[in-house]
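# A closer look at the structure
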Amino acid sequence: MLRRAQALPDADSAEPLVLRRVAGPVPDSLIGTDDAHLVLRAPGEGDEGLRGLEVRYRASSDVSRGASQRLRDRLREVRLDIRDSLYAAGGLPVEPDSVYPVRPDNIAAAGREAGAWLGVFLLPTLVAIMLIGGSLVAADTLSGEKERGTLETLMTTSVTPNEVVAAKGLAIAVVAFAMAVLNLANLGIWVGFGLMELPTQLDVQLTVPGILGALILLLPVVALLSATLLLVSGWARTYREYQLYFLPVFLLGLVPSAAAALPGLELRSVAVLIPIANIALALRDLFAGQADVVLSALAVVVTTGAAVWVALLARAGLSTERLLSDSAADRAELTGGPAPGSDTHL
């Protein structure tokens, strides 16, 4: 026996499902369309191998999937009602639901549960903010000055290229860290002092030591992001070229920062050796009240080491010629003689 259910537009709708009996099989190509949102198949003639009811639907259709879920929920309720009526007819003296009832008991404090949720989304948000804010400075530090030619004037002074790189990297880091501090401070003021009413499941308990610990964990992330932006700015020859490089850097920076959202991934694993990802896990444990000082310190050391390595790459790649040159011809003349097609003066 085949029945066709005319599904409702919403799985949570209070309207009843409408079932219509049809003769003959319904082709699968029609399931999930306006002709047949789903098919309920029951045992009958020629269906000796079918036991129970079969609900056929198309998961790629929201309407078909929603109707299937509603129908299965209703059938499950009917089955329970039939079972309970049979128990009652057989003389069972108690309600079936009272026999060994299962009562869930969440022993995690509400604040820690909400803190774990906050730790999942905090670092990706801060990384995005720090990259965007730091990029405003990085875009103009080296690539912008090379394009305008003002970097040549700076290099005629007594400062060394290493000092220029260090000062500009520090400027990027200060802006990025300031944006992180301001956002954490806003979060601490609005949530910590109860200025914003949150649902129970989002009632985060922020403390001053917790915020200070988060700032310490963010320091190596700031250093790594600043060194990366400086390296990209030094590599780009123009402001526009830097903008082209920034988008891939932005997306790649967000990937490890979302490590805390992966189910089952803990800091006590190989993830502690992955820069930024280890800080994301350490932040989640910190706000969940399960911080491991040793592993968190190891995460800080690993990410700091990665920041130092990128900074060394930036310093090695930003030689005087690279700093001053904004074209291939200038670099050829500075590094290997006159560029092709240029005149040679004796």
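Figured I'd write up the structure that's included with this text. (Residues numbered from 1 in each chain as written. Predicted model: local features only at pLDDT ≥ 70, side-chain atom pairs only at ≥ 80, totals over all residues. Heavy atoms only, no water.)

### Concerning the environment of Ile129
Mapped onto the secondary structure, Ile129 falls in helix 2 (residues 110-148). Separated by 51 residues in the primary sequence, Ile129 and Ala180 have C-alpha atoms spaced 7.5 Å apart. (Helix = DSSP H or I, 4+ residues; strand = E, 2+ residues; numbered from the N terminus.)

### Digging into a nonpolar patch on the surface
A cluster of nonpolar residues, Tyr87, Leu92, Val94, Val99 and Tyr100, forms a patch on the protein surface that exposes about 530 Å² of accessible area. Mapped onto the secondary structure, Tyr87 falls in helix 1 (residues 62-89). With relative accessibility at 40%, the residue Tyr87 sits in the partly exposed group. (Patch = residues over 30% accessible without salt bridge, like charges linked within 9 Å, V, L, I, M, F, W, Y side chains within 5 Å. Areas by Shrake-Rupley, 256 points an atom, 1.4 Å probe, with all protein chains shown as cover. Salt bridge = Lys/Arg side-chain N within 4 Å of Asp/Glu carboxyl O. Buried < 20%, exposed > 50% of the residue type's maximum accessible area, 1.4 Å probe, protein only.)

### Description of the packing of helix 5 (residues 208-235) against helix 6 (residues 239-257)
Between helix 5 and helix 6, the shortest axis-to-axis distance is 9 Å and the interhelical angle comes to 145°. When you trace helix 5 past helix 6, the crossing you get is right-handed. Touching Thr228, Leu229, Val232, Ser233 and Trp235 of helix 5 are Glu241, Tyr242, Tyr245, Phe246 and Val249, all from helix 6. Looking at the contact of helix 5 with helix 6 residue by residue, the classes come out as 7 nonpolar, 2 polar and 1 charged. (Axes fitted to C-alpha atoms, helices over the stretch in contact; angles between N-to-C directions. Left-handed = near helix turned anticlockwise from the far one by under 90°. Contact = heavy atoms within 4.5 Å. Nonpolar A, V, L, I, M, F, W, Y, C, P; charged D, E, K, R; others polar.)

### Things to note about the side chain of Ser257
Looking at where Ser257 falls in the secondary structure, it is placed in helix 6. The class of Ser257 is buried, set by a relative accessible area of 0%. Engagement of the side chain of Ser257 in a polar contact is seen with the backbone oxygen of Leu254, the distance being 2.7 Å. (Polar contact = N/O pair within 3.5 Å; in protein donor to acceptor, adjacent residues only side chain to side chain.)

### Side note on the pattern of salt bridges
Opposite charge on two side chains permits them to pair, given that their charged atoms come into close proximity. Tallied over the full model, the rule gives 6 salt bridges. Measuring nitrogen to oxygen at the nearest pair gives 3.0 Å for the salt bridge that ties Arg83 to Asp84. We classify Asp84 as partly exposed; its relative accessible area is 21%. Between Arg284 and Asp285 there is a salt bridge, with the nearest N and O atoms lying 3.8 Å from each other. The class of Asp285 is buried, set by a relative accessible area of 9%. Each of Glu266, Arg284 and Asp285 takes part in salt bridges that share partners, so that together they form one network.

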